[in-house]
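# Coordinates in review
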There are 2 protein chains.
Amino acid sequence: MRVHNFSAGPAMLPTAVLERAQGELLDWDGSGMSVMEVSHRGAAFVACAERVEASLRSVLDISDDYACLFLQGGAYGMFAATPLNLSAPGDTIAFLNTGDWSTKAIAEAGKYAEVAVLADTSDSLHTTLPRPGSYTVPTGAAYLHYTPNETIRGVEFDHVPDSGGVPLVADLSSTILSRPFDVDAHGVIYAGAQKNMGPSGLVVVIVRRDLLGRPRRETPTVWDWTVQAKADSMVNTPPTFGLYLLGLTLDWVQENGGLAGMAARNQGKASLLYDTIDRSSFYSNPVDPSARSWMNVPFVLADPTLDSTFLNEADAAGLTNLAGHRSVGGMRASIYNAMPLAGVRALVDFMQEFERTHG
Amino acid sequence: MRVHNFSAGPAMLPTAVLERAQGELLDWDGSGMSVMEVSHRGAAFVACAERVEASLRSVLDISDDYACLFLQGGAYGMFAATPLNLSAPGDTIAFLNTGDWSTKAIAEAGKYAEVAVLADTSDSLHTTLPRPGSYTVPTGAAYLHYTPNETIRGVEFDHVPDSGGVPLVADLSSTILSRPFDVDAHGVIYAGAQKNMGPSGLVVVIVRRDLLGRPRRETPTVWDWTVQAKADSMVNTPPTFGLYLLGLTLDWVQENGGLAGMAARNQGKASLLYDTIDRSSFYSNPVDPSARSWMNVPFVLADPTLDSTFLNEADAAGLTNLAGHRSVGGMRASIYNAMPLAGVRALVDFMQEFERTHG
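The structure reproduced in this document is the subject of the present report. (Residues numbered from 1 in each chain as written. Chains lettered and ligands numbered in written order. Predicted model: local features only at pLDDT ≥ 70, side-chain atom pairs only at ≥ 80, totals over all residues. Heavy atoms only, no water.)

### A look at the relation of the copies chain A and chain B
What counts is decided by this rule: When the copies are overlaid, the least-squares fit takes in C-alpha atoms only where the residue has pLDDT of at least 70 in both copies.
Superposition record for chain A on chain B: RMSD 0.0 Å, screw rotation 180°, translation along axis 0.0 Å. Interpreted geometrically, this transformation is the action of a two-fold axis.

Next up, the structure:
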């Protein structure tokens, strides 16, 4: 029996996607081979990769001004690859620090360039977001980097920051495909697959072509976006199974209304859960309502001695992976695209029953 | 119906491994979740990763003097990561150039250090290997790098090169787990998974611990072997599905006699195919017999105008992916661990019948 899985990532995938993959795991498209067993340079897989890219472009409305790359190393790898591809030694890179993932991206960029942190929400324990107009991007910055959604504290931008004319770079890992997104406002978008796109081990990079052509000499070839763009991401062997699953997931997104459909569904799920929390004094969420994430909903019990009871009883009820991040504690429900409304309803019902029993 | 798949990589996996993965793809170990859907930091997956490492250590007889890392970026990524972790700017790195993969590793290392190519088999079109004693490793070299098996020309070392006291580094991608291997003679071994271990997207690094601790400052964190060794390869999200499949594959290796069993099976397959080629004037293999690979067997027809007929008829007979590398042409049969003897017998039968019909 499938459970309702609230893991922050790797996270649940649509059951229909897994069933499709299961059905053809030993015999892909009548080939007598698994999709994992064929050459990435063979005609069948090349056609698969082309379909995946076309689907991604269609779903996210990505123009030909952008290259789409399918690489390895996760978003954390791109924390290094981005300065290597977009800056020179001594350049300044501007950052908005809105949580743990921003903080890691800043530390990594500091190996390659000067960093200027224009806004930092540490004082609020990352429960707020920088107000538009409250910071100014330095002239000549190589780019402005931000994290549209932070998984640990559960904050999410509801607007695109003003980058003051320099390229805007987004680590979109935990919110890509969850709602319409203004690609054209960005120079680079990258996202690990393991939240809304597929299994871990695949990172998607969407880069405006006019930013290519200036990698540092010491950029590892597999992360040289200019080289990979020319080679259709096949300088080396891409993570073929992840790419294939991304394709199935994109099909599922399209069959379910595209990004508008995802947004409606995700907003509904998030509202139901936040409303339940806010109506109760037993549960609370510390995030500024305007900054609340649709993807990751952390909450705490008024009585934290009940945490382990809550988690154990939830698990027994088929509601899994609800523990908060180890750095925060409490609870966190990650409700990415693949989580059905029924899963959030089941969680809300459980929470209300738990409050009646233990409140 | 499953075919006999001679792909050079990504390559066939044991059918038993795929069947096991298929059976539990939506419900791993009774969890109600796919192994792809669980956190890499959760107890279940951490236990899985620990079992995989223990199996790898057991199968390859890896001592505690070595760390085993499970990373992303492929062997090509490690072409950059190795100099970043093991050399300083201005150091000399020694190489044996025995084919296309060595050549790529040399070019990548040249971004980070001085390169000394001690032996180069280009003159024989990489159909030979450097003789022991024919080269001398420079005193003070950071390390000596070689490629025990080259997939494109089909050459394979039958001995461990003498590194003259500097650390020996092997790109073992295309022959790992195929026969016993002297890990202790090496400072570092790395290998992409997509030949003998699992799907593409996972690279295994086995590094002697005394070589850790001196990464360059600009080493990307996800490729910082020192940091990853301390973090059990979980600085960022590892390719969890690939790790899981590696575990199933290692179980299969153990159930089939370990590396001694693999060696007997692989030598038998290779002998059958080379003998068939050598007994015929219709087929030929240009590689010096002492340098022939057990994993990749390239061969050409005396009449190359028959190549496409051969490939089409083979494909129709359920013998797929036999085209030679695009840089070489002709035919290539990759016969990694997962290829059963029955597959090679079927190929040999087909080749003999084709020769009778078209010779």
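### Some thoughts on the packing of aromatic side chains
Residue and element names in this part refer to chain B. Where we set the bar: Two aromatic rings from Phe, Tyr or Trp, using only the six-membered ring of Trp, form a pair when their centres are within 6.5 Å; if the ring planes differ by under 30 degrees the pair is stacked, by over 60 it is edge-to-face, and anything between is tilted. Only runs of H or I of at least four residues qualify as helices and only runs of E of at least two qualify as strands under DSSP, and these elements are numbered from the N terminus. Only protein chains enter the area calculation, which uses a 1.4 Å probe; residues under 20% of their type maximum are buried, those over 50% are exposed, and those in between are partly exposed.
All told, the structure shown has 28 aromatic pairs over all chains when counted by the stated rule. On the numbers, 5.7 Å between centres and 35° between planes, the contact of F241 with Y244 is tilted. Of this pair, F241 and Y244 both sit in helix α6 (residues 240-255), 3 residues apart, which is roughly one turn of that helix. Under the relative-accessibility criterion, F241 is labelled buried at 3%. Measuring from centroid to centroid gives 5.8 Å for Y283 and F299, while their planes differ by 85°, and the two rings are edge-to-face.

### Some words on the layout of surface pockets
Heads up, the condition is: Using a grid of 1 Å spacing that covers the protein atoms alone, one calls a set of points a cavity when a 1.4 Å probe fits there but cannot get out, and a pocket when the set is open and has protein on both sides within 12 Å along at least five of seven lines; lining residues are those with an atom within 4 Å of a point. Grid points are joined across faces, edges and corners, and a volume is the space filled by probe spheres set on the points. When residue character is reported, Ala, Val, Leu, Ile, Met, Phe, Trp, Tyr, Cys and Pro are called nonpolar, Asp, Glu, Lys and Arg charged, and the others, Gly included, polar.
Of the pockets and cavities examined, the largest pocket occupies roughly 880 Å³. A:S39, A:H40, B:A8, B:G9 and B:R332 are, among the 45 residues lining the largest pocket, the residues nearest its centre. Those elements giving two or more residues to the lining of the largest pocket turn out to be α2 (43-60) of chain A together with α3 (74-86), α4 (100-109) and β14 (331-334) of chain B. Residue classes in the lining of the largest pocket are distributed as 15 nonpolar, 23 polar and 7 charged. Approximately 760 Å³ is the volume attributed to the second largest pocket. Taken together, 37 residues form the lining of the second largest pocket, with A:G9, A:H325, A:R332, B:H40 and B:R41 sitting closest to its centre. Mapped onto the lining of the second largest pocket, the elements with two or more residues apiece are α3 (74-86), α4 (100-109) and β14 (331-334) of chain A. The class makeup of the residues in the lining of the second largest pocket is 9 nonpolar, 21 polar and 7 charged.

### Notes on the pairing of strand β2 (residues 66-71) of chain A
All names here are of chain A. Applied cut-off: Strands are treated as partners if at least two bridges between them are detected by DSSP.
Most of β2 sits inside the fold, with 6 of its 6 residues counted as buried. Along β2, one buried face is formed by Y66, C68 and F70 and the opposite face, lined by A67, L69 and L71, is buried too. Where β2 and strand β10 (residues 203-208) come together, 6 bridges link them in antiparallel fashion. Within β10, the residue paired with L71 across the bridge is V203.

### Observations regarding the interface of chain A and chain B
Here is the rule we go by: Contact definition: two residues touch when any of their heavy atoms are within 4.5 Å. Each of two parts loses accessible area, computed with a 1.4 Å probe, when they are put together; buried area is these two losses added. One side-chain nitrogen of Lys or Arg within 4 Å of one carboxyl oxygen of Asp or Glu is enough to make a salt bridge.
The partner chain B presents 62 residues to the 62 residues of chain A that form the contact. Of the roughly 4800 Å² buried between chain A and chain B on both sides combined, carbon and sulfur atoms contribute 56%. Interface area lost by chain A to chain B is led by A:L26, A:M36 and A:E37, which between them contribute 14%. Between the two partners, chain A and chain B, sit 2 salt bridges. With a closest N to O distance of 2.7 Å, B:R2 and A:E37 form a salt bridge.

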